[in-house]
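Examination of the molecular architecture
Each chain is listed here by its residues.
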Amino acid sequence: MGVEELVASLGDNILTTSLGKLIGWGRGNSVWPAQFGLACCAIEMISTATAGVDIARFGSEAMRASPRQSDLLIVSGRVSQKMAPVLRTVYDQMPEPKWVISMGACASTGGVFNNYALLQGVDKIVPVDVYIPGCPPRPEDLLNALMILQERIKAQGLIPQS
Amino acid sequence: MIAEGAGGIPPLLTEIVIDRGVSAGDHWITVPAERIHDALLSLKDEGYRLLVFLSCVDHLADSSRDFPARFEIIYQLRDLDKPADIRVRAFVGGESPRIDSVHDLFPPANWDERETYDLFGIVFTGHPDLSRILMPDDWVGHPLRRDYPVGGEPVEFSEEHEMWQTAPEDA
Amino acid sequence: MIEDAQGVTVTKTGEQGAFGGELLTVNFGPHHPSTHGVLRLIVDLDGEQIRRIKPIIGYLHTGIEKQMEALRWQQGVVVTDRHDYLSPPINNLAYALAVEKLMGVDVPQRAQALRVIMSELTRLSSHLVWLGTSGIELGAMSVLMYCFRERDTILDMNEEISGFRMHTSYIRPGGVMADATPRFLELLDTFIRDMPGHIDEYEDLLTMNPIFRARTIGIGQLPLADAKVLGATGPMLRGSGMAWDLRKSMPYSGYENYDFEVATSKDCDCYGRYLVRIKEMREAVKILRQALDRLPDGPVNVDDRKFLPPPREELETSMEAVIHHFKLFTEGYSVPAGDVYVAVESGRGENGCYIVSDGTHKPRRVKFRAASFANLQALERMSLNHMVADMIAIIGTADTVLGDVDR
C-alpha cells in the first residue's frame, strides 16, 4: 500500500517516531468496540460498561452497533456453527486497523462445550489479539485485556499491524 | 392427577391406551403412534389444554427396560385448572420415523416439532413448515440421535506445559 | 387476509400494502443491538407497519442436551447453568430436583431454604438485567446504570457463597455446594433492607414517565386467550391476567411455606408486564426476608455417601470414605431407570428439566423446557400492525434469553 512504503522510505527518524507515538497514543486511547455480545459473557461486557467498572474511562465509551464504525471486536460468548459466517462477515466489514478480543472460554477454545454445535475457538475464523479466560471472566478481566491491547497499539506507532 | 376409571380418562382414550403407569410421581400413558392425534384431542377436550413440551428420546442400545421401538415421542400436557400433568408417549421406529403433527391442536407444538425433526429426524406429517430450526439449513445428520457422535475436538496437552506456568515475556 | 394455524391473521407477502406498494422484507439481526442476543427476524413491512414477523433462531445452539449425555450426572450441573444464562441457580434447581426425584431423596430443610434464597436473588438479578436493557432500548440510559449497580451487589453475594459471580453451580443434586458464610448472611440482610428503596428509584424513573408510558401502553397486546393457546408462561401470562405461578400452583423446595402474592395485570400490554415484573421484584424481597429470618439450622446436604462425597477431613481417617470418594469421582453415582419432569418458575416463566435415565452413570436424555422458546412464539401475535420502533419494545417485554431458546 502506498502509505506504508512512504513511511518506510522515510526511515526511523525523530519526526516519524514522535508522530508514531502521538498517533499510537490517540489510537490506543479511543478504541471503540463493536457490540458482539452473544451469550453469558455479553452480560459481563454490559457490566463492564456500567458505572461500577466503567470501560468509558479507557476510551471505549462508544460501543457502536455498526461494525463499520468500530475498531475492536469483542467476541463475547459461544459461537455456534450457524453464527460463524455471521461473525466473519461482521469482522470483514470493520475497517482497518482492527483488533479482536476473544472474551471467555467459549470464544477462546470452545469452553465447557466440546461438541458438534460450537466452533472450538473463534481463532479458527478470525485472527485474535487477546484471549481472556474465564467462564464468564470478571469485568475487570475485560479491562485488563483492553489495557494489554492498548499497550500493544501504542507501541505500534504509525502503521499498526492488526 | 388422572384417576383410573373415576371419570379421569375419557372413553375414547381408554380404548387407545396401550399402557399406563407412574414414574417418580408423574402419570404417563402410552398410545399407538397412529392414534396420537385422537388421543391428544381427547385429552384436550378433557381439560388438558396446555402442551408443556414435546420431545423425543432415542432408546438405541438401552438395556434397562423393553421398548416397542427406538424413538419415543413424549408429549407433556397440563390442565391449568386442576392443576394436573400427564405425559403421553408414542413409539416410532424404522428408517424414517413418522408421526402425525399436532400443531393444529396445540400451537406450541409448531416449533417443538421442528426442533425434534432437526435433532432426531422424526418427520411430522401435516406440519406447515418442517425445516431445520437450530442447526444450519444445510446440516447433514440429526445430532441428538445416539449414533451421532458428540463431536468437538480432542483436547491436546502441550508437552511444554511447565513452561506456561510462568508469565510470558511480552503480554 | 388469511389465518394461519395459530389463528393469527396474516397477509400473504406480495399483497398490496395500504399505500399501493408491495410489502418490504427487512432482515433484522442476528447481529443487532436490540434483539437481546442473537435473534434474527425477517419482517414484512408495509411502510412502517409490521405485517408479518418470522423469527429465525439457532444462532446460539450449543448442543447442551447432547453434551449432558456425555457427562456424568454430577458433572452435568455445570452445564445446566449456561442455557438460561440470566438465572443459573434456577436452572440448577430444576435439574437437581429432577435427579433427586428419580433417586427418591429429600434434601434437608436448610438446603431448601438456601435454594429458595438463591432462586429469589437470581430472579431479582434477572429482572434487573431485563429492566436495564429494556430501559436502554427505549432510551432510558440511567436505568441501566442503576440496575446493574444492584446486580453487582447480588453478584458479590453469589461470589461470597459459591466463588462464582454468574454461573454458580451452587444448587446440586443432594443439596447445595456449601453452607452460607456469616458474611453472606450479613450482605443479604443489608441487601434486603436497601432493595425496596432501589425499586422505588426505578419506579420513580419509569412508571409515571410520559415517554415510557407512551412507548409501552397499548403496545404488544397479548389477550389472555391467545397467551394460553400459544403456551406462554411467566410474566407474559401473568401480564394478561392469569394468576399462574408455579411457586404457588405446583410448589417445590418449600415455597408453600412462604407468604407472597402473585403479580398480575389485566392490561395485556408491555406496560402491564413491566408492572408485573416490578411487583415480582418486591415480592422476591419479601420472600428473601422470610427465608433469612426463618433459616433453619442443620446440614446442607443429604447424608448418603453413595450420592455425595464425604467431607475431606474424613478422608484422612476412614478407608470407607476414601473408597466412596474414589467411586464418586471416577465413575459417579447411577440413577435408577425411569423418567421425570420437574418445572420451576424462572424470571421468564416455566423452566423445566425432563430427564430419562437408563440406570447408568450418565443420562440417556436431558431435555430442557425453555420458557423463552414458547414465549418467542407469541412474538408474532404481539407485534402485528405495530410500528418497527414498537417491535423493539415488544422484544424487550418478551424477555427472551437466546441461550434458553437455542440451548
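Residues numbered from 1 in each chain as written. Chains lettered and ligands numbered in written order. Predicted model: local features only at pLDDT ≥ 70, side-chain atom pairs only at ≥ 80, totals over all residues. Heavy atoms only, no water.

With that settled, the discussion passes to the overall build of chain A. For chain A, the helix and strand inventory stands at 6 helices and 4 strands. For 162 residues, the compact-globule estimate of 2.2 N^0.38 gives 15 Å, and chain A sits close to it at 17 Å. In terms of overall dimensions, chain A has C-alpha extents of about 50 × 35 × 25 Å along its principal axes. The buried share among the 162 residues of chain A stands at 52%. In chain A, of all internal contacts separated by at least 6 residues, the share reaching a separation of at least 24 is 77%. Counting every atom, chain A has about 6900 Å² of accessible surface; 59% of that belongs to carbon and sulfur. (Helix = DSSP H or I, 4+ residues; strand = E, 2+ residues; numbered from the N terminus. Rg over C-alpha atoms; globule rule 2.2 N^0.38 Å. Buried < 20%, exposed > 50% of the residue type's maximum accessible area, 1.4 Å probe, protein only. Contact = heavy atoms within 4.5 Å. Areas by Shrake-Rupley, 256 points an atom, 1.4 Å probe, with all protein chains shown as cover.)

A few words on the overall build of chain B. A tally of helices and strands in chain B yields 3 helices and 7 strands. Of all 171 residues assigned to chain B, the portion counted as buried reaches 51%. Long-range contacts, defined as pairs at least 24 residues apart, comprise 51% of the intrachain contacts of chain B with a sequence gap of at least 6. Entry remark: accessible area of chain B is about 8400 Å², with carbon and sulfur atoms responsible for 50%.

Residues and elements named next belong to chain C. The sheet built from 3 strands is open, its strands ordered β3-β4-β5 with antiparallel pairing. Taken across any chain shown, the strands that pair with only one partner, and hence form the sheet edges, are β3 (24–28) and β5 (49–56). On average, adjacent strands in this sheet sit at an angle of 20 degrees to one another, irrespective of strand direction. Pairing of strand β4 (residues 40–46) with β5 involves 7 bridges; the strand directions are antiparallel. Along β5, the bridge assignment pairs Leu-41 with Pro-55. Taken strand by strand, helix α15 (residues 388–398) contacts β3, β4 and β5, and its axis lies near 145 degrees from that of β4. (Pairing = 2+ DSSP bridges. Axes fitted to C-alpha atoms, helices over the stretch in contact; angles between N-to-C directions.)

Before going further, it helps to spend a moment on the pattern of salt bridges. Opposite charge on two side chains lets them pair, provided their charged atoms get close. Overall, the coordinates contain 49 salt bridges over all chains when judged by the stated rule. For the salt bridge of Asp118(B) with Arg132(B), the shortest nitrogen-to-oxygen distance reads 2.5 Å. Separated by 14 residues along the polypeptide, Asp118(B) in helix α3 (residues 109–120) and Arg132(B) in the segment after β7 (123–125) bring together distant segments of the chain. Classification of Asp118(B) by relative accessible area gives buried; the value is 0%. Using a relative accessible area of 11% as the deciding quantity, one classes Arg132(B) as buried. The partner of Asp189(C) in a salt bridge is Arg289(C), with the nearest N and O atoms 3.0 Å apart. Here Asp189(C), found in helix α6 (residues 182–206), pairs with Arg289(C), found in helix α11 (residues 270–293); they are 100 residues apart in sequence, far enough to count as distant. (Salt bridge = Lys/Arg side-chain N within 4 Å of Asp/Glu carboxyl O.)

This next bit is on the layout of surface pockets. Empty space among the atoms can be located by rolling a probe the size of a water molecule over them. As a volume, the largest pocket reaches approximately 1100 Å³. Looking at the largest pocket, it is lined by 40 residues, and the ones nearest its centre are Gln35(A), Ile46(A), Met63(A), Pro33(C) and Ile136(C). Secondary structure elements with two or more residues in the lining of the largest pocket: α3 (40–49) of chain A together with α4 (109–137) and α5 (141–162) of chain C. Class assignment of the residues belonging to the lining of the largest pocket gives a composition of 26 nonpolar, 9 polar and 5 charged. (1 Å grid on protein atoms, 1.4 Å probe; cavity = no way out; pocket = protein on both sides within 12 Å on 5 of 7 lines; lining within 4 Å. Points joined across faces, edges and corners; volume = space filled by probe spheres on them. Nonpolar A, V, L, I, M, F, W, Y, C, P; charged D, E, K, R; others polar.)

All right, on to the sheet that holds strand β2 (residues 72–76) of chain A then. Residue and element names in this part refer to chain A. One open sheet accounts for 4 strands, arranged β1-β2-β3-β4; its pairing is parallel. Edge positions in the sheet fall to β1 (33–34) and β4 (130–132), since each of these pairs with one other strand and no more. Sheet analysis places β2 next to strand β3 (residues 99–103), joined by 5 bridges and oriented parallel. Within β3, the residue paired with Val-75 across the bridge is Ser-102.

Of all hydrophobic cores here, the largest spans 197 residues; its most connected members are Leu73(A), Val75(A), Tyr75(B), Ile99(B), Leu121(C), Leu131(C) and Ile355(C). With 12 residues, α4(C) is the largest single contributor of residues to this core. Setting aside chain neighbours within four positions, we find Leu73(A) in contact with Ala34(A), Phe36(A), Leu87(A), Val90(A), Tyr91(A), Met94(A), Trp99(A), Val100(A) and Ile101(A). Counting 20 residues, the second largest nonpolar core, distinct from the first, contains Leu72(A), Trp99(A), Ala145(A) and Leu149(A). (Core = buried A, V, L, I, M, F, W, Y, C linked by side-chain atoms within 4.5 Å.)

For the rest of this paragraph, the subject is the interface of chain B and chain A. Think of interface size as the accessible area that goes away when the parts come together; that is how it is often given. Every contact between the two is made by 15 residues of chain B and, on the other side, 9 residues of chain A. Taken together, both faces of the contact between chain B and chain A bury some 960 Å²; the carbon and sulfur share is 58%. Put simply, chain B and chain A have 1 salt bridge between them. We note a salt bridge from Lys124(A) to Glu153(B), for which the minimum N-O separation is 2.6 Å. For the pair chain B and chain A, the number of links is 4 residue pairs in polar contact (both at pLDDT 80 or more). In terms of residue class, the side of chain B that touches chain A is made up of 12 nonpolar, 2 polar and 1 charged. (Buried area = accessible area lost by both parts, 1.4 Å probe. Polar contact = N/O pair within 3.5 Å; in protein donor to acceptor, adjacent residues only side chain to side chain.)

Right, let's talk about the side chain of Arg132(B) for a bit. For Arg132(B), the side chain forms a polar contact with the main-chain oxygen of Gly141(B), separated by 2.8 Å. Excluding residues that lie within four positions of it along the chain, Arg132(B) makes contacts with Arg114(B), Tyr117(B), Asp118(B), Asp137(B), Trp139(B), Val140(B), Gly141(B) and His142(B).

Another point: the packing of aromatic side chains. For the structure on display, the rule yields 14 aromatic pairs over all chains. Measuring from centroid to centroid gives 6.5 Å for Phe71(B) and Phe120(B), while their planes differ by 80 degrees, and the two rings are edge-to-face. Taken together, the positions of Phe71(B) in strand β4 (residues 71–79) and Phe120(B) in helix α3 put the pair 49 residues apart, joining distant regions of the chain. The pair formed by Phe71(B) and Phe120(B) is uniform in burial state, with each residue classed as buried. Grouped by ring-pair contacts, the aromatic residues Trp130(C), Phe212(C), Tyr271(C) and Tyr274(C) constitute a single cluster. (Phe/Tyr/Trp six-rings, centres within 6.5 Å; stacked < 30°, edge-to-face > 60°.)

Turning to α5(C), a few remarks are in order. Taking 1.5 Å of rise per residue, 22 residues should cover 32 Å, and α5(C) covers 31 Å from first to last C-alpha, within 8% of that figure. Following α5(C) by one or two positions, Gly163(C) has its phi on the positive side, about 95 degrees. (Expected span 1.5 Å × (residues − 1).)

Quick look at unusual backbone geometry now. Following Glu96(A), the chain continues into Pro97(A) via a peptide bond in cis, with omega recorded as -10 degrees. In this fold, Pro97(A) is placed in the loop between α4 (84–93) and β3. Cis geometry marks the peptide bond from Cys135(A) to Pro136(A); its omega dihedral reads -10 degrees. Here Pro136(A) is to be found in the loop between β4 and α6 (139–156). In this structure, Cys268(C) is a non-glycine residue whose phi angle is positive, near 60 degrees.

Now for the confidence of the model for chain A. The pLDDT averaged across chain A works out to 84; a share of 91% of its residues lies at or above 70. The spread of mean pLDDT over the elements of chain A runs between helix α1 (residues 2–10) of chain A, the lowest at 67, and β3(A), the highest at 92. (pLDDT = per-residue confidence, 0-100.)

Residue and element names in this part refer to chain B. Taken together, the buried positions of helix α2 (residues 36–46) are occupied by Ile-36, Ala-39, Leu-40, Ser-42 and Leu-43. For α2, the angular spread of the buried residues around the axis is 155 degrees, confining them to a single face. Looking one or two places after α2, you find Gly-47, whose phi comes out positive at around 125 degrees. (Arc of directions from axis to C-beta.)

With 44 residues of chain C at the contact, the number on the chain B side is 46 residues. When chain C packs against chain B, the two sides together hide about 3700 Å² of surface, and 58% of this comes from carbon and sulfur. Linking chain C to chain B there are 18 residue pairs in polar contact (both at pLDDT 80 or more). Ranked by residues supplied to the side of chain C that touches chain B, first place goes to strand β8 (residues 338–345) of chain C with 5 residues. Along the lines of polarity and charge, the residues of the side of chain C that touches chain B split into 21 nonpolar, 8 polar and 15 charged.

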